[in-house]
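# Structural description and commentary
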Amino acid sequence: MLHKYLFLLLTLNSCKDECQDPRNPDCENYNPCIDAKPTSAAFTIKEATYLDIIEPRLADFLINTDSCYGSSIYFEAIQADADSFIWQIGTEPEPRYGKQVNVVFPDNLRGTNFNIRLIVKRKPNTRCFPTDDGIDTVIRSFYFVRFNEPLSWEGTYYGSDDDKPDSMYTIVLGHSYDAADQEDILKVYGVPRGCKDTVNEWFSTKIVNFNNIWFQRGGQDCDGKIVRGIFKQGDKYTIRQEYVTFVNGIFNRKNRVFTGIKIN
């Protein structure tokens, strides 16, 4: 009899231990509100980062910035399950609608601070949030950066390339704007592999327009690397590069991805 009692007790305890998932309605500790969130109009401000020609453009953004250099800016609500999203962009006479809106700002408005307001409406979840009325409003402002003002991504990064993860180095990114030609110039310093991995002496001019990307050659450490995009992922930055050589009339391309932290 004692053996049967002990077996039954162990079996019951084992079953009880197996059902400790608060997301499982069949468990005693089930919590229907564990993943619920109150109505929120919080949103991100996203710009297609400098020289980003990667498609689709929605994949890698420098998110949640309060100063934007690119003229095409995306505003996206964080809450996905709302019934309506109503945007007021600056002093635009008409609101915009949708979870995400894309606004192209003209260059003559650079140097301006814009207020962005989002109103989110949905059926309130009063079971989990008794005071939630299903409506929330958030206002954020961002600055539309002037040409030749410092940009958020300029500076020094420490990290490595994906094909040599143990070879750490620093890379310096800078930027200037040529008002006469109305062109952006990206400056890259510190890449360790020399000119053999980039556009060679086939280009004779100091400033080269290649694939609609302007970059400056010569100077320090062969700075003619083409940077295709600069992205922030948490505390780390990803810098996508395309190295190009021109041999016997044929362009050869090699992609590399630098991942590192911004140290200055």
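An account of the accompanying structure is given in this report.

Rules of the game
- Residues numbered from 1 in each chain as written.
- Predicted model: local features only at pLDDT ≥ 70, side-chain atom pairs only at ≥ 80, totals over all residues.
- Heavy atoms only, no water.
- Buried < 20%, exposed > 50% of the residue type's maximum accessible area, 1.4 Å probe, protein only.
- Helix = DSSP H or I, 4+ residues; strand = E, 2+ residues; numbered from the N terminus.
- Pairing = 2+ DSSP bridges.
- Contact = heavy atoms within 4.5 Å.
- Disulfide = S-S within 2.5 Å.

By the criterion of burial, strand S1 (residues 43–47) is predominantly enclosed, with five of the five residues buried. With burial as the criterion, each face of S1 is covered, one bearing Phe 43, Ile 45 and Glu 47 and the other bearing Thr 44 and Lys 46. Bridging between S1 and strand S3 (residues 72–77) involves five bridges; their strand directions are antiparallel. When the bridges of S3 are listed, Thr 44 appears paired with Glu 76.

A separate point is the side chain of Thr 65. Checked against the element boundaries, Thr 65 lands in the loop between S1 and strand S2 (67–68). Leaving out residues up to four positions away in the same chain, Thr 65 has contacts with Ile 45, Glu 47 and Arg 140.

Another point: the state of the cysteines. This model, assessed by the stated rule, comprises two disulfides. Disulfide pairing is shown between Cys 19 and Cys 27; the S-S distance is 2.2 Å. Across the disulfide from Cys 19 to Cys 27, rotation about the S-S bond amounts to roughly -120 degrees, and the bridge is consequently left-handed. Summarising the burial analysis for this pair, Cys 19 and Cys 27 share the class buried. Bridging Cys 33 to Cys 128, the disulfide has an S-S length of 2.0 Å. Disulfide Cys 33-Cys 128: torsion about the S-S bond near -90 degrees, hence left-handed. Here the residue Cys 33 occupies a position in the loop between helix H1 (2–18) and S1, and Cys 128 occupies one in the loop between strand S7 (113–121) and strand S8 (135–144), the gap between them amounting to 95 residues. The exposure class assigned to Cys 128 is buried, which follows from its relative accessible area of 18%. The connectivity of the disulfide-linked cysteines in the protein, indexed sequentially, is 1-2, 3-4.

Worth remembering: the numbers are spatial, not functional.
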